[in-house]
Amino acid sequence: MLVKDIMVKDVAMISPLATIREAMREMRRYKVKSLVVDKRYEHDAYGIITYTTILRTIVAEEGDIDLINVYDVCSKPVISVPEVLEVKHVAKLMVNQGIRRIVVLRDNTLVGLVTMNDIVSSILEMSEEEAV
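Procedures and definitions
Residues numbered from 1 in each chain as written. Predicted model: local features only at pLDDT ≥ 70, side-chain atom pairs only at ≥ 80, totals over all residues. Heavy atoms only, no water. Pairing = 2+ DSSP bridges. Helix = DSSP H or I, 4+ residues; strand = E, 2+ residues; numbered from the N terminus. Axes fitted to C-alpha atoms, helices over the stretch in contact; angles between N-to-C directions. Buried < 20%, exposed > 50% of the residue type's maximum accessible area, 1.4 Å probe, protein only. Patch = residues over 30% accessible without salt bridge, like charges linked within 9 Å, V, L, I, M, F, W, Y side chains within 5 Å. Areas by Shrake-Rupley, 256 points an atom, 1.4 Å probe, with all protein chains shown as cover. Salt bridge = Lys/Arg side-chain N within 4 Å of Asp/Glu carboxyl O. Lys, Arg positive; Asp, Glu negative; His and termini not counted. Charge placed at Lys NZ, Arg CZ, Asp CG, Glu CD. Polar contact = N/O pair within 3.5 Å; in protein donor to acceptor, adjacent residues only side chain to side chain. Contact = heavy atoms within 4.5 Å. Arc of directions from axis to C-beta.

In this section: the sheet that holds strand β5 (residues 101-106). The three strands lie next to each other as β4-β5-β6, forming an open sheet whose pairing is mixed. In the strand order of this sheet, the two ends are held by β4 (80-82) and β6 (109-115), each with one partner. The mean inter-strand angle of the sheet, taken between neighbouring strand axes irrespective of direction, is 35 degrees. Sheet topology places β5 next to β6; six bridges connect them, and they run antiparallel.

Along any regular strand the residues' side chains alternate between the sheet's two faces. Burial of strand β2 (residues 34-37) is two-sided: the residues S34 and V36 facing one way and the residues L35 and V37 facing the other way are all buried. In this structure, β2 lies alongside strand β3 (residues 47-50), joined through four bridges in antiparallel fashion. Note that in β3 the partner of V36 across the bridge is I48.

Side chains of E125, E128, E129 and E130 sit close together on the surface and give a patch of like negative charge. Within the secondary structure, E125 sits in helix α6 (residues 116-131).

What follows concerns the side chain of K39. Tracing the chain through its elements places K39 in the loop between β2 and β3. Side-chain polar atoms of K39 contact the backbone oxygen of N108, separated by 3.1 Å. Other than its neighbours up to four places away in sequence, K39 contacts P16, D44, A45, Y46 and N108.

Now for the sheet that holds β2. The three strands lie next to each other as β1-β2-β3, forming an open sheet whose pairing is mixed. Whereas interior strands pair on both sides, the edge strands pair on one side only; in this sheet they are β1 (13-14) and β3. Lying over the sheet, helix α2 (residues 20-30) contacts β1, β2 and β3, oriented at roughly 120 degrees with respect to β2.

What follows concerns helix α3 (residues 51-60). Quick reminder: α-helices carry 3.6 residues per turn. Residues three or four places apart thus point the same way. The complete set of buried residues in α3 reads T53, I54 and T57. Buried residues along α3 cover an arc of 95 degrees about the axis, so they all sit on one side. Exposed and oriented more than 90 degrees from the buried face of α3 are L55, R56 and V59. Looking at the buried positions of α3, the neighbouring elements they touch are α2, β3 and α4 (70-73). Just downstream of α3 lies E62, where phi reads positive at about 55 degrees.

It is possible for side chains of opposite charge to pair when their charged atoms get near one another. In this structure the tally under the stated criterion is five salt bridges. The closest approach of N and O atoms between R21 and D66, which form a salt bridge, is 2.7 Å. Here the residue R21 occupies a position in helix α2, and D66 occupies one in the loop between α3 and α4, the gap between them amounting to 45 residues. The residue E83 makes a salt bridge to R106 at a minimum N-O spacing of 2.5 Å. Note that E83 is positioned in the loop between β4 and α5 (87-97) and R106 in strand β5, a separation of 23 residues in sequence. The buried category is assigned to E83, whose relative accessible area is 12%. Taking the relative accessible area as the measure of exposure, R106 reaches 43% and is therefore partly exposed.

Structure, rendered in C-alpha coordinates:
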(Lines give C-alpha, C1' and ligand atoms only; values in the text may rest on other atoms or scores of the structure.)
Protein backbone atom coordinates (compact mmCIF):
# COMPACT_ATOMS: atom_id res chain seq x y z
CA MET A 1 0.00 0.00 0.00
CA LEU A 2 1.26 3.48 -0.90
CA VAL A 3 1.04 6.71 1.08
CA LYS A 4 -1.29 8.23 -1.54
CA ASP A 5 -3.82 5.48 -0.74
CA ILE A 6 -4.25 6.53 2.90
CA MET A 7 -3.23 10.21 3.09
CA VAL A 8 -5.61 13.05 3.87
CA LYS A 9 -5.85 15.14 0.72
CA ASP A 10 -7.76 18.12 2.12
CA VAL A 11 -4.98 19.53 4.30
CA ALA A 12 -5.66 22.41 6.69
CA MET A 13 -3.04 25.09 6.04
CA ILE A 14 -2.10 28.46 7.46
CA SER A 15 0.03 31.39 6.39
CA PRO A 16 3.42 31.62 8.10
CA LEU A 17 2.60 35.24 8.97
CA ALA A 18 -0.62 34.36 10.82
CA THR A 19 -0.70 34.83 14.59
CA ILE A 20 -0.99 32.02 17.11
CA ARG A 21 -4.57 33.14 17.82
CA GLU A 22 -5.43 32.77 14.11
CA ALA A 23 -3.87 29.30 14.10
CA MET A 24 -6.02 28.27 17.06
CA ARG A 25 -9.13 29.55 15.29
CA GLU A 26 -8.25 27.57 12.13
CA MET A 27 -7.64 24.39 14.14
CA ARG A 28 -11.02 24.77 15.80
CA ARG A 29 -12.71 25.56 12.47
CA TYR A 30 -11.25 22.50 10.71
CA LYS A 31 -11.44 20.34 13.87
CA VAL A 32 -7.77 19.34 13.57
CA LYS A 33 -4.83 19.16 15.96
CA SER A 34 -2.26 20.54 13.53
CA LEU A 35 -1.89 22.85 10.55
CA VAL A 36 0.61 22.75 7.72
CA VAL A 37 2.43 26.07 7.54
CA ASP A 38 2.69 27.28 3.96
CA LYS A 39 5.97 28.28 2.34
CA ARG A 40 6.98 31.94 2.53
CA TYR A 41 8.47 31.76 -0.96
CA GLU A 42 8.89 29.19 -3.75
CA HIS A 43 12.07 27.49 -2.53
CA ASP A 44 11.13 27.55 1.15
CA ALA A 45 10.08 24.48 3.14
CA TYR A 46 6.69 23.62 4.61
CA GLY A 47 6.28 23.67 8.37
CA ILE A 48 3.80 22.31 10.87
CA ILE A 49 2.22 23.72 13.99
CA THR A 50 0.43 21.56 16.56
CA TYR A 51 -1.61 21.97 19.74
CA THR A 52 1.51 21.09 21.70
CA THR A 53 3.54 23.82 20.00
CA ILE A 54 0.83 26.35 20.68
CA LEU A 55 0.51 25.34 24.34
CA ARG A 56 4.28 25.61 24.84
CA THR A 57 4.23 29.05 23.22
CA ILE A 58 1.35 30.28 25.38
CA VAL A 59 3.12 29.14 28.54
CA ALA A 60 6.48 30.63 27.48
CA GLU A 61 4.99 33.93 26.36
CA GLU A 62 2.49 34.11 29.22
CA GLY A 63 -0.50 34.13 26.92
CA ASP A 64 0.47 36.92 24.50
CA ILE A 65 -0.60 35.04 21.36
CA ASP A 66 -1.34 38.03 19.15
CA LEU A 67 2.29 39.13 18.86
CA ILE A 68 3.80 35.83 17.75
CA ASN A 69 3.66 34.60 14.17
CA VAL A 70 3.19 30.94 13.31
CA TYR A 71 6.50 31.04 11.40
CA ASP A 72 8.40 31.84 14.61
CA VAL A 73 7.27 28.71 16.48
CA CYS A 74 6.40 26.08 13.87
CA SER A 75 8.52 23.01 13.24
CA LYS A 76 10.36 23.67 10.01
CA PRO A 77 11.35 22.06 7.77
CA VAL A 78 8.74 19.42 8.32
CA ILE A 79 9.58 15.82 7.47
CA SER A 80 8.04 14.95 4.13
CA VAL A 81 7.72 11.89 1.92
CA PRO A 82 6.71 11.29 -1.69
CA GLU A 83 3.16 10.06 -2.29
CA VAL A 84 4.44 6.86 -3.93
CA LEU A 85 6.37 5.63 -0.88
CA GLU A 86 5.17 2.41 0.75
CA VAL A 87 3.28 2.96 4.00
CA LYS A 88 5.53 0.53 5.92
CA HIS A 89 8.50 2.86 5.32
CA VAL A 90 6.54 5.87 6.56
CA ALA A 91 5.44 3.97 9.66
CA LYS A 92 9.05 3.05 10.42
CA LEU A 93 10.15 6.67 9.91
CA MET A 94 7.44 7.91 12.29
CA VAL A 95 8.37 5.41 14.97
CA ASN A 96 12.11 6.01 14.66
CA GLN A 97 11.76 9.82 14.66
CA GLY A 98 8.97 9.97 17.25
CA ILE A 99 6.61 11.97 15.03
CA ARG A 100 2.88 11.67 14.39
CA ARG A 101 2.40 13.59 11.14
CA ILE A 102 4.25 13.67 7.84
CA VAL A 103 3.64 15.96 4.88
CA VAL A 104 3.19 14.24 1.52
CA LEU A 105 4.70 15.86 -1.56
CA ARG A 106 4.56 15.48 -5.33
CA ASP A 107 7.30 17.41 -7.11
CA ASN A 108 7.92 19.50 -3.99
CA THR A 109 4.23 20.49 -3.84
CA LEU A 110 1.97 19.57 -0.94
CA VAL A 111 -0.61 16.92 -1.89
CA GLY A 112 -1.51 15.47 1.49
CA LEU A 113 -0.78 14.66 5.09
CA VAL A 114 -0.42 11.25 6.68
CA THR A 115 -0.78 10.68 10.41
CA MET A 116 -0.08 7.80 12.71
CA ASN A 117 -3.87 7.39 13.02
CA ASP A 118 -4.19 7.02 9.23
CA ILE A 119 -1.62 4.22 9.26
CA VAL A 120 -3.15 2.39 12.21
CA SER A 121 -6.63 2.68 10.67
CA SER A 122 -5.41 1.21 7.37
CA ILE A 123 -3.74 -1.69 9.19
CA LEU A 124 -6.96 -2.40 11.12
CA GLU A 125 -8.99 -2.33 7.91
CA MET A 126 -6.61 -4.77 6.23
CA SER A 127 -6.67 -7.13 9.19
CA GLU A 128 -10.48 -7.06 9.32
CA GLU A 129 -10.66 -7.85 5.58
CA GLU A 130 -8.29 -10.79 6.03
CA ALA A 131 -10.40 -12.11 8.93
CA VAL A 132 -13.54 -12.28 6.76
